[in-house]
Amino acid sequence: MLICPDCTFENPHTNKFCQNCGTSLTEKVCPACGTYVPLNAESCHQCGEFCGTVWWAIVTKDATNSTTETITSGEEAVKQEENNTFIQIPALVEPLASATANTETTNIEDNDVNLPESNPILTVATPSPETSLETPTSLYLDTHHRYKLLDALPSEVEMANVREFCVRVVDYNPYQITPVTAVLAASQPSQTKSGAKQQTDISSIPDFAKPYVALHSQHHQGIPAIHDAWQEGNLQVILLENRSNYEYLLELWREDKTTSLQIVLYFYQMTQLWQILAPLNCQQSLLELGNLRLDEDQVLVLQRLYQNAELLASVEEDLNSTKSFSADSLQAHLSIKSLSNVWHSLFKESQRTQFGALMQLLEDLEADSVETIEQLQIRLRAIASELQPTPNNDIEDDENNDVTVTLASAPKTVAPTVLQFEEPEENETKSDDMPTIVLPMQLNTLDNVGLTDVGRQRDHNEDYFGIDIKINKIELPKTRAIAARGLYILCDGMGGHAGGEVASELAVRTLQKYFQTYWNANQLPSENIIRQGIHQANNAIYDLNQKDSRSGVGRMGTTLVMMLVQDTHVAVAHVGDSRLYRVTRKGIEQVTIDHEVGQREILRGVEPSIAYARPDAYQLTQALGPRDENLIDPDIQFFQVSEDTLFILASDGLSDNNLLETHWESHLQPLLSSNANLDQGVGDLIDLANKYNGHDNITAVLVRAKVRPNLDQGSKE
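Everything numeric in this text was worked out from a predicted model, so none of it was measured.

Caption draft 1: The arrangement of the packing of aromatic side chains in detail. The final tally for this structure, using the stated rule, is 11 aromatic pairs. Taken together, a centroid distance of 5.5 Å and an interplanar angle of 40 degrees make the contact between Trp253 and Phe267 tilted. Within this pair, whereas Trp253 is found in helix H6 (residues 249-253), its partner Phe267 is found in helix H7 (residues 260-277), the two being separated by 14 residues in sequence. Residues Trp253 and Phe267 agree in their burial class; the two are buried. Pairing Tyr514 with Tyr518 gives two aromatic rings, centres 4.5 Å apart and planes at 25 degrees, and the pair type is stacked. Of this pair, Tyr514 and Tyr518 both sit in helix H13 (residues 500-518), four residues apart, roughly one helical turn. Residue Tyr518 is classed as partly exposed on the basis of its relative accessible area, which comes to 45%. Aromatic rings pair up to connect Trp253, Phe267, Trp343 and Phe347 into one cluster. Above the ring of Tyr248, the side-chain terminus of Arg293 is found at 3.9 Å from the ring centroid. It is Arg485 that lies over the ring of Trp519; its NZ or CZ is 4.7 Å from the centre.

Caption draft 2: Local environment of the pattern of salt bridges. Under the counting rule described, the total for this entry stands at 24 salt bridges. Across the salt bridge formed by Glu601 and Arg614, the nearest N and O atoms sit 3.9 Å from each other. Taken together, the positions of Glu601 in helix H15 (residues 597-603) and Arg614 in the loop between helix H16 (608-611) and strand S22 (635-640) put the pair 13 residues apart, joining distant regions of the chain. Judged by its relative accessible area of 9%, Glu601 falls in the buried class. Classification of Arg614 as partly exposed rests on a relative accessible area of 33%. Among the charged side chains, a network of salt bridges with common partners joins Arg600, Glu601, Arg604, Arg614 and Asp616.

Caption draft 3: Looking closely at unusual backbone geometry. Positive phi outside glycine occurs at His145, with the angle close to 60 degrees. Take His145: it is sitting in the loop between helix H2 (94-101) and strand S6 (147-149). Overall, His145 belongs to the partly exposed group, its relative accessible area being 29%. A positive phi is found at Asn657, a non-glycine position, where the angle reads about 60 degrees. Mapped onto the elements of the fold, Asn657 is located in the loop between helix H17 (652-655) and helix H18 (659-667). Asn657 sits in the exposed class, given a relative accessible area of 60%.

Reading the values: rules and limits
- Residues numbered from 1 in each chain as written.
- Predicted model: local features only at pLDDT ≥ 70, side-chain atom pairs only at ≥ 80, totals over all residues.
- Heavy atoms only, no water.
- Phe/Tyr/Trp six-rings, centres within 6.5 Å; stacked < 30°, edge-to-face > 60°.
- Helix = DSSP H or I, 4+ residues; strand = E, 2+ residues; numbered from the N terminus.
- Buried < 20%, exposed > 50% of the residue type's maximum accessible area, 1.4 Å probe, protein only.
- Lys NZ or Arg CZ within 6 Å of the ring centre and 35° of its normal.
- Salt bridge = Lys/Arg side-chain N within 4 Å of Asp/Glu carboxyl O.

Below, the structure is given as C-alpha cells:
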C-alpha cells in the first residue's frame, strides 16, 4: 500500500495519484526550494540540494539464530557475477551480499550532493573489482532495492570484530507502507482513511524492533521513531529516524553558558526516561554517552535503544575472562547506580567541576544510599529547588514572569526543560521532600502565518484575519531571547454580499486600531480593557447596521476569536463559534467554547445528545454587530506558555466535523518543530479542509511559540 503524504489515505501500490485527494504518488516536494522531483531522487534538479528521505539502519547478528556459514571470497563472487556490483563481506552479512550480487544497473543517477554529517562508523570502501574507489557504488540494504546505502559497509576484517554496524540509507519509495508502520497504524484506526483493515503478521517483526513498537504509543520525543525492520537468516535490520547528526549531550556540558540548573533538569529527564525504558529492559540506552543527543530544540533524546541483554552479554564475557562472574555482578550494572557512572563521565569528559549538592548525591548513589528511581528524583527536585534564583510560588501575580511547575515522578512526553503542571500520582503525597519548583520561562521564538480561502461552494469570502506583531531581539554574552507582542484576530462574517465581509474586516481593523492605543506597556491589557475593545468593535458594526436600516437576517455581523501574546503570557477572547486550539507534544486542546445553542444547553445540564438534537443547536447565541454592546458578553481567559505550543485560530470551515482533532498528529504536531515551514503547513491545512469541509470559507492563523527556562541567571560551577 502507498500512504498519501497529504491525506494519509491508503492507496494500491500501482496508483500514480492518490485516489482520495489526487496528490502525486510518484513525485515529492524538495524541502529547500519547493520544486517537484521524482520520488526516488536524491538531489533536486532545480537547486541541487539533497532531498532524499534518510533513515538510520542498524544491522545486527541474531545470536539465537547463529549458524556457521561459508565466507564468500572475492574470486567466487566474481565467477558468480562478473559484471555486477557485489559486496565482499563475511558470513555475518552474507544475506546482504546475496541481495546485491544480482543487482541490475539502475537508471537512477548517483548524484554528488552534500549530505548531513553522520556518526563515526566503520566505513571502509567496498567497490567491485571493476570500480575504482572514486566511483560511487549502488548498493542496497534490501532485496527489493528500496534502501540505498549512503555509507560504506565495514570491511571483512573489521566485521569479524563487531556484532553490528550502522549505516545511513536513502528510501527510494518513502510512500510505501512497511510492516512496522502498518502495525503502528493499526493501533490508531481513526487515522486509516480507506476503512480497510490491514492484515499484518506481527511475528515478522524482529524482536530487536519490538521495544520501539511498544514505545510508539507513548509519543515520547526522546525515543526515535521506527520506520522498518526485517530479519533475514541470522541478521536483524531496523530502520530508525535519523538522529546521527544531532548534537551530543556532552557538547552542551562543555559550553560555559550551560548552568547548574540546566544540568540538574537534564539529569531529571534521564530518570524519567529510565522509568519508561525499565519495563522493556532498555535502560542501557541511557548508559552510552554517544547515545545521548539534543534535538533542534535542545531536548534530550536517544539516538537508538540498547537492550540490557546486549550489556549483559558484554559484561558476562568480561567477567568470565577474569573467572569472577556472578549474577549479582551483572545486576549491579543495571541498577540506578549506573546513572551516576554516566553523570561522572559527563563531568570528567567535559572537564566541568561538580558542584556540592550534586556531588553528594553521586556519592550517595555509589554508596547505595539511594536505592530507587523515585528517591533519586526526590533528591534532584530538592537540588533544583535550591538552584532557583528567585523562588516564588504565586503564579497569580500579573507582574511575575515565572511559571510554577511540579517535577513529576511519572515519565511524561515533555521536554526536559519544559515540565508541565501536575498533581502527584495516587501513591504520592505532597511533602517537603517534593518541592514545587519555579522555572523562570522566556520566549525563544515566535512565528506566525495566516491564510484564508473561499472554499469549494461559496462565491465570496466573508472571513477576515489580522496579524500585528512586534519583536525585539535580546542579545547578551550568555543568552539570546526575544521580547515579543502579538495580536492575532480572526473573524467569520455573516450577512451576505457587502455584509459579512464588511463586518469581519471592520471588526479586525477596529480592534487593531484600539490596541495601538490601549496596549503600550510591557504587559497584557487587563480583562476590562480587552472587553471594552470588543464592545467598540461591536458598536462599529451595530452603528453601520442602524445607519443602513438593516433588519432581521439582513443585519451583518461576525464571530471573533482573538489572541494577545506578551512574551510567555497569553490572553484569549472570543464571541461566536470561531475557535482557538493549542497543540503541544502531548496532544490538542480546544481552548474556546462555542457560543451556540447546543453548548448553552449543555452548560445548563442538558445531555449533549439531547442538546444537539435540537434543530437550532448550531445557531449562534452571540455575534458582533447584530445587537448592541449590552447583549455582548465575550469569554476572556489568561494563561502562560510553559512548553512549546502551536496555537491555531480557526473559522468553522476549518474546525467543522472534528477535522483538527482527527488530523492533528499528521498536520499540526509536526509544525512544532523549528524546521517545519509554517507557510506550507497552513496551506496543507486549507487543502485538508477543502477536501472535507469545503462547504464554507476556510481561515487559519498559526502561531508557534517556543520557550525555554531562563537558566542564564545561574553560573557554571
